[in-house]
Amino acid sequence: MNRSIPRSLFGIRNVLRPTVQRLRDTWNALRHGSCAVLLYHRVIELPTDPQQLAVTPDHFDAHLQVLKERYRVLSVAEFEHHLLHQRRFPRRSVLLTFDDGYADNHTIARPILETHGLQALFYIASGYIESGREFWWDELERMLLLNEDPPAAIDLEVAGTRSSRALGDAGAVQHVYEELLDSLRRIPSHDRDALLDGLRSTVHSTEARNTHLPMTRAELSAFADSPSVVIGAHSVGHPSLARQDPEEQRREIVGSKRELEAMLGREVRYFSYPFGTGADFDATTELIAANAGFLHTAANYPGPVHARSPRHRFPRHLVRDWSGPEFAQRMGTFLPR
Ligand SMILES: [Zn+2]
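Described in the following lines is the structure provided in the data block. Because the structure is predicted, anything quoted here is derived from the model rather than measured.

**Digging into the pairing of strand E6 (residues 120–124)**
Moving on, step 1. In terms of burial, E6 is a largely internal element, five of the five residues being buried.
Moving on, step 2. Of the two faces of E6, the one carrying Ala120, Phe122 and Ile124 and the one carrying Leu121 and Tyr123 are both buried.
Moving on, step 3. In the sheet, strand E5 (residues 93–100) pairs with E6 via five bridges, with the strands oriented parallel. In the strand pairing of E6, Thr97 is matched with Leu121.
Moving on, step 4. Regarding the hand of the β-α-β motif, the stretch spanning E5, helix H4 (residues 103–116) and E6 is right-handed.

In structure tokens:
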């Protein structure tokens, strides 16, 4: 076995960091309890899923069975009580959350949650509701990876720079797909949408897939009426917020709250950062979310939540399409013992 020995202090610190974090989590769990907040996106069976966002209905049902047998799934109100009032979380607590607002949340995930009598917090990107458009990362998949007859090259202007990209073979197409996934999250939503408008006609792929639609307004209203559903906001157009100037961040954050409240006729009190990694929000983003009136805000990095966790960037565990036994095994690693 070839184990490299870190020579610098920096290297040693990096090696020790997970151990120190584990000790800190255990200490916090002892004092403040702990809760695993789970992050789902979709419950559906799909032929392709390059972002690994979908969990099959059978697997989702198996996850909920594991949770009901071995954990304590909190309602959104219970979670809020412990986080906001800094009250110790009960042992083996779990909160279910979903990001984005896919129609399958209503048609497939909701009935399964209702059968189990469980609740989840659904964060919705308001600009996609009723749009009839696929989410922008899904459009990139459809227009590029699933396009059977793409042009040999496309001209694209991203962030003021115009250049040509070859789409000659599968490798080139994959490269452009990955480049655009990365660059389109950095630019304002309206610039990205303008680029996608042009791309749709250039590559002859204009029809949204029925399997990939966000909810309509009618679906969102019916969805929000379920006791298994609590609605939160997730920006208007799903950009990486920290890459936008503060005014644009405010438009995205406050705008999604206002739009969802107008659609639902009730207050929307929770937010999650689009993408949610440490590169996608910063102190300015946190402040805007707090000032917008959101009570708490979810991020997307792994770790347990405890009663003293930061209200506007608490961690979540991303859930993949795991079988019941694999989910049970993963859950065993999500909470400190
Ligand atoms: Zn999202």
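**Topic: a positive patch on the surface**
Moving on, step 1. The grouping of Arg70, Arg91, Arg92 and Arg337 at the surface amounts to a positive patch.
Moving on, step 2. By secondary structure assignment, the location of Arg92 is in the loop between helix H3 (76–84) and E5.
Moving on, step 3. For Arg92, a relative accessible area of 34% gives the class partly exposed.

**A short note on the packing of aromatic side chains**
Moving on, step 1. The tally for this structure, following the rule as stated, stands at 17 aromatic pairs.
Moving on, step 2. Look at Phe271 and Tyr273: their rings are 5.9 Å apart centre to centre, the planes differ by 80°, and that puts the pair in the edge-to-face class.
Moving on, step 3. Put simply, the rings of Tyr102, Tyr128, Phe135, Trp136, Trp137 and Phe275 touch in pairs and so form one group of aromatic residues.
Moving on, step 4. Seen from the ring of Phe275, Arg185 lies directly overhead, with NZ or CZ sitting 4.0 Å from the centre.

Calculation notes
- Residue positions are given per chain, counting from 1 as you read along its sequence in written order.
- Predicted model: local features are reported for residues with pLDDT of at least 70 only, side-chain atom pairs are reported and counted for 80 or more only, and whole-chain, interface and lining totals are derived from all residues.
- To get the side-chain values, take all heavy atoms of the structure and skip hydrogens and water.
- Buried residues are those whose accessible area, probed at 1.4 Å on protein chains only, stays under 20% of the maximum for their type, while exposed residues exceed 50% and partly exposed ones sit between those limits.
- Working definition: helices are DSSP H or I runs of at least four residues, strands are E runs of at least two. Numbering for both runs from the N terminus.
- Strands pair, by our definition, only if DSSP identifies at least two bridges between them.
- Handedness of a crossover: with both strands directed away from the viewer, a clockwise path from the first strand across the helix to the second marks it as right-handed.
- Residues form patches when they are more than 30% accessible in relative terms and have no salt bridge. Like charges link within 9 Å. Nonpolar side chains (Val, Leu, Ile, Met, Phe, Trp, Tyr) link within 5 Å.
- Accessible areas in this description were obtained via Shrake-Rupley with a 1.4 Å probe; residue shielding takes into account the shown protein chains only.
- By definition here, a salt bridge exists when the distance from a side-chain nitrogen of Lys or Arg to a carboxyl oxygen of Asp or Glu is within 4 Å.
- As used throughout, the charge tally considers Lys and Arg to be positive and Asp and Glu to be negative, leaving His and the chain termini uncounted.
- By convention, the charge on Lys lies at NZ, on Arg at CZ, on Asp at CG and on Glu at CD.
- Stacked, tilted and edge-to-face are the three classes applied to pairs of Phe, Tyr and Trp rings, where Trp contributes its six-membered ring and a pair requires centres within 6.5 Å; stacked means planes under 30 degrees apart, edge-to-face means over 60, and tilted covers the rest.
- Geometrically, a charge over a ring is one whose NZ (Lys) or CZ (Arg) sits within 6 Å of the ring centre while staying within 35 degrees of the ring normal.

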